[in-house]
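Commentary on secondary and tertiary structure
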Amino acid sequence: MSKTLAIIKPDAVEARKIGLIVNRLEEEGFRLLAAKHTQLDDSEAGEFYAVHLERPFYEPLKKFMTSGPVLVLALEREDAVAHLRRVIGATDPAEAEPGTIRALYAESKERNAIHASDSDETAKQEIAFFFPALA
Ligand code: CMP
């Protein structure tokens, strides 16, 4: 078993897709270890996305991620990181495989419904960031 972190982003929360997305994750075999419904502030979003600091989309990304509530999920499953990334699809919903969460619910590359950790190492850091008790 391994762990990963997902964030249902402000666009999907606003569109009332939390239930559908969590249902899909459970159907995919993920166990929910912890969940937090919260609104990130600028410093939390900045720290979480620090790896993108030099990218042109860093400021708009922070602005979007702090624009409304999010649901942060710690998830467990066999091969959790790779499986979740398959289930959510490509960053840009126009390129996401049909049936993936982003193909179904994302609006654009910026407003793309869900975040998922991109490696086991990142998953560890991201879970510790939101759920220190699980680290
Ligand atoms: P996420 O998986 O949350 O990680 C970084 C986010 O930056 C990514 O999803 C996108 O929503 C966002 N983003 C915005 N613009 C871009 C871009 N041009 N390329 C990659 N990611 C982008």
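Quick look at the structure, then. Not measured: the values here are computed from a predicted model.

Here's the deal with the side chain of K9
- Looking at the element boundaries, K9 is found in the loop between β1 (2-8) and α1 (10-14).
- Although K9 is buried, it makes no salt bridge; D11 carries the closest opposite charge, 6.8 Å away.
- Setting aside residues no more than four positions away along its own chain, K9 makes contact with Y49, F64, M65, P69, V70, N112, A113, I114 and H115.

Some points on the pattern of salt bridges
- By the definition in use, this model includes five salt bridges.
- For K62, the salt bridge identified is with D42, shortest N-O distance 3.4 Å. With K62 in helix α4 (residues 58-65) and D42 in helix α3 (residues 42-48), this residue pair connects regions lying 20 residues apart in the sequence.
- Note on K62: relative accessible area 8%, which makes it buried.
- Among the salt bridges present, the one from D79 reaches R86, with a minimum N-O distance of 3.9 Å.
- On the basis of relative accessible area, D79 is assigned to the partly exposed category, the value being 44%.
- We classify R86 as exposed; its relative accessible area is 51%.
- A network of salt bridges, in which partner residues are shared, links D42, E59 and K62.

Concerning empty space enclosed by the protein
- A full pass over the atoms with the stated rule returns one cavity of 30 Å³ or more.
- Approximately 40 Å³ is the volume found for the largest cavity.
- Every residue lining the largest cavity is listed: V22, L25, E26, F30, L32, L73 and L75.
- Elements with a minimum of two residues in the lining of the largest cavity: α2 (18-27) and β3 (70-77).
- The dominant element in the lining of the largest cavity, judged by the number of residues it contributes, is α2, at three residues.
- Residue composition of the lining of the largest cavity, grouped by class: six nonpolar, no polar and one charged.

About the cut-offs
- Residues numbered from 1 in each chain as written.
- Predicted model: local features only at pLDDT ≥ 70, side-chain atom pairs only at ≥ 80, totals over all residues.
- Heavy atoms only, no water.
- Helix = DSSP H or I, 4+ residues; strand = E, 2+ residues; numbered from the N terminus.
- Buried < 20%, exposed > 50% of the residue type's maximum accessible area, 1.4 Å probe, protein only.
- Lys, Arg positive; Asp, Glu negative; His and termini not counted.
- Salt bridge = Lys/Arg side-chain N within 4 Å of Asp/Glu carboxyl O.
- Contact = heavy atoms within 4.5 Å.
- 1 Å grid on protein atoms, 1.4 Å probe; cavity = no way out; pocket = protein on both sides within 12 Å on 5 of 7 lines; lining within 4 Å.
- Points joined across faces, edges and corners; volume = space filled by probe spheres on them.
- Nonpolar A, V, L, I, M, F, W, Y, C, P; charged D, E, K, R; others polar.

All we've got here are geometric facts, nothing functional implied.
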